[in-house]
Each structure stands twice: as C-alpha cells, then as structure tokens.
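# Geometric and topological summary
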Amino acid sequence: MISPYALTNGLRAAALFAAIVAPAAARGAASETVTAQDWLSSVTFAAQIEGGVNANPARPGNGVNYGQLIGDRANQAQLNQLTVTMARAVDTGASGYDFGFVLRALYGSDARYYNLGGLTDRAISSRYQFILPQAHVDAHLPWLTRRGLDVQAGVLGSPMGIETLDPATRPFYSLAYTTEFATPFEHIGAMFQLHLNKHFDILFGVDTGNQTSFGGGDNNDAAAGYFGFTGTGLAGGKLAVTYLGRVGPENAVRLLGVRANGAQRFWNDLDVTYQLSGKLTLTGELNVMHDEGLRADTYGFVSFLSYHLTPTLTLNYRGEIFRDNTGLVVASFLSDTAYMRALFGKSAATQSAPATTYGALTLGATWRPETGHGVKLFEIRPEIRFDRSLNGTTPFNDLRNVGQFTFGADMVLGF
C-alpha cells in the first residue's frame, strides 16, 4: 500500500490530477451516462484552515527567516491559509465523456507568494491576501488511447515538483529551496494527461507563464509550456516516477527589455518515490534550471523519508543541497508586495546573497488523530530545520550568519 505522502512526494503532477479528477466510487468506475441530477449531486464542498509559527532564536533584525517563503516571518504566528473549495471530480475510468470543475479560494499569508498577475496581485497589499489558486474546468475524453485523455483548463497550480501549496499534501510546514525557487507556482492555461496504459501517462500543457495572465498581468509577451511523463505502480506497485520539463521566457520586459520575450528559462524536475516497506517511504527530487535572460543556473537535490510510527503519527526527514550559482535566484522578500513586484521587474524590498550552495536539514512529525464529528482532517506538524551556506557566504539572519536554526509548527483543520 502506498503511504499518504507517497503519491504527493513522488508524483506532484499525478497527484494534482488525481486530487481533481479522481474516480468517484459512488458514481461507478465506468458509468456510461450521468444525468444532470447525478452530476449536481456529485458536487462537493470543503473548507480548510492552517495557522503556524516559525521561530528563529537569532531574532534577525529584518524579522525574516532568509530563504523561506512559507513561514517567512520570524517569531510571528500567522494565518497561513483559509481555503474554501467547490468541486466536481471527473471519473477518469469512464468509458465515455465526463466533465467537472474545481473552484478554490484562499485567504492568508501564503497568498503573497502565489498571486497571479492581473488577477489577484493588486487586490490586497497587506500580509493577508486573497487568491484563486485553482479555478478550472476538467474533462475526461475517450480520445487517442483506450484509457483516454484528461484535460484541465483555467487557473491551475503548477504540477512540477514534490511539495504543493496545500499543507495537507506535504510532510512539512516549511518548503525546500527547490520548491520555492526552482519550480513554478501558478498558471493560466491548460494541462493534459494522456493515459498510455495502466502504468504510464504523458503530461503536457501550455500557459501564459509563471504567475502571469494577459495584457498588463503578463511580464512578457510569450507563452511557456510543460512536457513529461509519469509512471505509477512500477516494481510491484512500490515505485513511482515523474519527469517534467518546462520551457518559456519568464523574465520581465521591464527588467530585460524586449530581450525578455526570447530569453528562455529551462526547468527540469525528476521525482522518484519508492515504498521501502509498509511503513517507510523514500522520495528523491532532482532539479536543474537554466535562465538565459539572467544567465543563471540552479541545481537542487532533495531527499525525503517518511516513517509511519503508528496509524496516527508519521516521522519525516528532508535533506537538501541547492546551488544558486549567481545569487540572483534565492532571496528574501521584505515587504508584503515585494515578491510580485520583483516578478514584474519593479523595484522591491528584497535581500539576497552572493553565489551560494545551500544545505538544509529538516526533521519533523505529523500527528493525525481521528476526530470525527464532521472533521475530515486534523493534524499538527512540529519541525526543526537547520540551513547553512556550504561555501562560506553569510546569507542568514539579516546577512550576519553562515547558518540558521528555525523551529516551526502548524495546525491544519479540514471539513
């Protein structure tokens, strides 16, 4: 049996599709016809709230935990997310057509880093902001292969990488450097998943760019897109593999001039998950990114271990090495609007280090007791994290230290 984190950690792309278009057992695995009443009765509603704190004993003068976006404010409790979701899941096992949608609204401090330009980036300028992280229509189409094609179009979360915005799908409160600085976050576009057979799918898509939309909400005039594959149920059901590549201009015309429209960014991300035993899952992520416009490269490797000590308690490990070879990629954003201003090439209050190789070790636990009474999810996740520059730079604690300790914890409640 794959652990609750296995698909998420090893197959973010597949997990995002599965969470949205997973077969609904109540409708039947291969329902031929769906009446309007059946369709409406399968629409679901959900709500989730997450709050956390990320303590830093060094008390940085600028109040920011360097290199961290989620839980960036040192020693300050915050409402990370309050989400409300309405959805109708698509039956990917249907022999005919099936249609659905997802509409999710999010309010909280995490929204500052997941805005879409031209859509929500100017709605609120304070720490707690509002976004629509997902707003798309979905379809299962019996085309091209016996298992068909799944489509999502609209506002989409990026399928690249292991860790996701939804705290219920990841083992830690904080995120890895690779997730924060070498994978995209949000798109307006379309994603496709072509089912070749029971093990392998082809993934591809096109969008306006990372966290951009159209017109004044775009930082350049060119599109970008994904390509890759996913394999599940390999090695007797123990192995899952996903590769996703992405190509397209991502820099702002305001920053590079018209050269931004042709200066490509190349993203490559390989995720592998292996179920070592019924309790122990190992996940690895290898990421390489090259940006022609910034003349910058990053290289990241992240390893995860999840051990299910009891049915309600999981112990988690994350180790990472991440190289930013110019110092232009990893940064801290010192104001509540700095991240999106920087994305569009505007002046922004930021702090960065020279070229640095980062090492990070995070240990934590997830306690998920069964609560009942209408509560679908209750979890508490404490963690301890140590970050260090491996080449002698001092990026941490307001550019004073070579290393940084943080002690984080969050609570997630879902209905």
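Residue numbers here run from 1 along each chain, matching the order of that chain's written sequence. The predicted origin of the model limits local features to residues at a pLDDT of at least 70 and limits the giving and counting of side-chain atom pairs to 80 or more, whereas totals for whole chains, interfaces and linings rest on all residues. Hydrogens and waters are ignored; side-chain quantities use all the structure's heavy atoms.

As recorded in an unreviewed UniProt entry, the protein chain goes by the name Outer membrane beta-barrel protein, listed as coming from Acetobacter sacchari.

Strands are runs of DSSP state E lasting at least 2 residues, helices are runs of H or I lasting at least 4, and numbering of each runs from the N terminus. A count of helices and strands for the protein chain gives seven helices and 18 strands. Here the C-alpha radius of gyration of the protein chain, 21 Å, is about what a compact globule of 415 residues would show, namely 22 Å. When the backbone C-alpha atoms are referred to their principal axes, the protein chain occupies close to 65 × 55 × 40 Å. Any residue under 20% of the maximum accessible area for its type is buried, any over 50% is exposed, and the rest in between are partly exposed; the area is computed with a 1.4 Å probe on protein chains only. The proportion of buried residues among the 415 residues of the protein chain is 54%. Note on definitions: a residue-residue contact is assigned when non-hydrogen atoms from the two residues lie within 4.5 Å. For the protein chain, restricting intrachain contacts to residue pairs at least 6 apart in sequence, the fraction spanning at least 24 positions comes to 66%. The method behind every accessible area is Shrake-Rupley, applied with a 1.4 Å probe, and residues are considered shielded solely by the protein chains displayed. Total accessible area computed for the protein chain in this model is approximately 16500 Å², and 65% of it derives from carbon and sulfur atoms. For the radius of gyration, the atoms used are the C-alpha atoms, and the globule rule reads 2.2 Å times the number of residues raised to 0.38.

In this section: the pattern of salt bridges. Any two side chains of opposite charge can pair, given that their charged atoms come close. We count a salt bridge whenever a side-chain nitrogen from Lys or Arg sits within 4 Å of a carboxyl oxygen from Asp or Glu. According to the stated counting rule, one finds 15 salt bridges in the structure shown. Among the salt bridges present, the one from arginine 112 reaches aspartate 72, with a minimum N-O distance of 2.9 Å. Note that arginine 112 is positioned in the loop between β3 (98–108) and β4 (129–141) and aspartate 72 in the loop between β1 (43–55) and β2 (78–88), a separation of 40 residues in sequence. Residue classification places aspartate 72 among the buried residues on the basis of a relative accessible area of 0%. Among the salt bridges present, the one from arginine 381 reaches glutamate 379, with a minimum N-O distance of 3.6 Å. The burial state of arginine 381 is the same as that of glutamate 379; both residues are buried. In the salt-bridge network here, residues are joined through shared partners; they are Glu50, Arg170, Arg368, Glu379, Arg381 and Asp410.

Moving on to the side chain of glutamate 250. Residue placement: glutamate 250 occurs in the loop between β9 (239–249) and α5 (253–256). Within the local environment of glutamate 250, its side chain forms a polar contact with the backbone nitrogen of asparagine 210, the two atoms lying 2.9 Å apart. A distance of 2.8 Å separates polar atoms of two side chains, one belonging to glutamate 250 and the other to arginine 246. Not counting chain neighbours up to four residues away, the residues in contact with glutamate 250 comprise Gly209, Asn210, Asn219, Asn220, Ala224, Ala263, Arg265 and Trp267. Between N or O atoms, a polar contact is any pair within 3.5 Å; within protein, one atom must be a potential hydrogen donor and the other a potential acceptor, and residues adjacent in sequence are included only when both atoms are from side chains.

Where strand β7 (residues 200–207) lies against strand β8 (residues 224–234), eight bridges are found, and the strand directions are antiparallel. Looking across to β8, one finds that glycine 205 is bridged to tyrosine 226. One bridge is not enough; two strands pair if DSSP finds at least two bridges between them. Relative to β9, β8 runs antiparallel, the two being bridged by eight bridges. Its bridge partner lying in β9, glycine 225 is registered against valine 247. Connecting β8 to the antiparallel partner β9 that follows it, the hairpin turn spans four residues, and alanine 235 within it adopts a positive phi of roughly 50 degrees.

To continue, consider unusual backbone geometry. Unusually for a residue other than glycine, arginine 59 sits at a positive phi of about 45 degrees. For arginine 295, which is not a glycine, the phi torsion comes out positive at approximately 50 degrees. Positionally, arginine 295 belongs in the loop between β11 (280–291) and β12 (296–310).

Time to look at the packing of aromatic side chains. Centre distance within 6.5 Å is the pairing criterion for rings of Phe, Tyr and Trp, where only the six-membered ring of Trp is used; planes under 30 degrees apart are then read as stacked, over 60 as edge-to-face, and the remainder as tilted. Tallying each qualifying case throughout the model produces 21 aromatic pairs. Judged by centre distance (6.1 Å) and plane angle (75 degrees), the ring pair of tryptophan 367 and phenylalanine 378 falls under edge-to-face. Of the two residues, tryptophan 367 is situated in strand β16 (residues 356–367) and phenylalanine 378 in strand β17 (residues 377–389); the sequence distance between them amounts to eleven residues. A relative accessible area of 39% places tryptophan 367 in the partly exposed class. Members of the aromatic cluster, joined through ring pairs, are Tyr66, Tyr177, Phe181, Phe322, Tyr358 and Phe396. Geometry around tyrosine 226 places arginine 246 over its ring, the cationic atom sitting 4.7 Å from the centre. In this structure, arginine 385 packs its charged tip against the face of tyrosine 177, placed 5.5 Å from the ring centre. When the NZ atom of lysine or the CZ atom of arginine is within 6 Å of a ring's centre and also within 35 degrees of its normal, the charge is said to sit over that ring.

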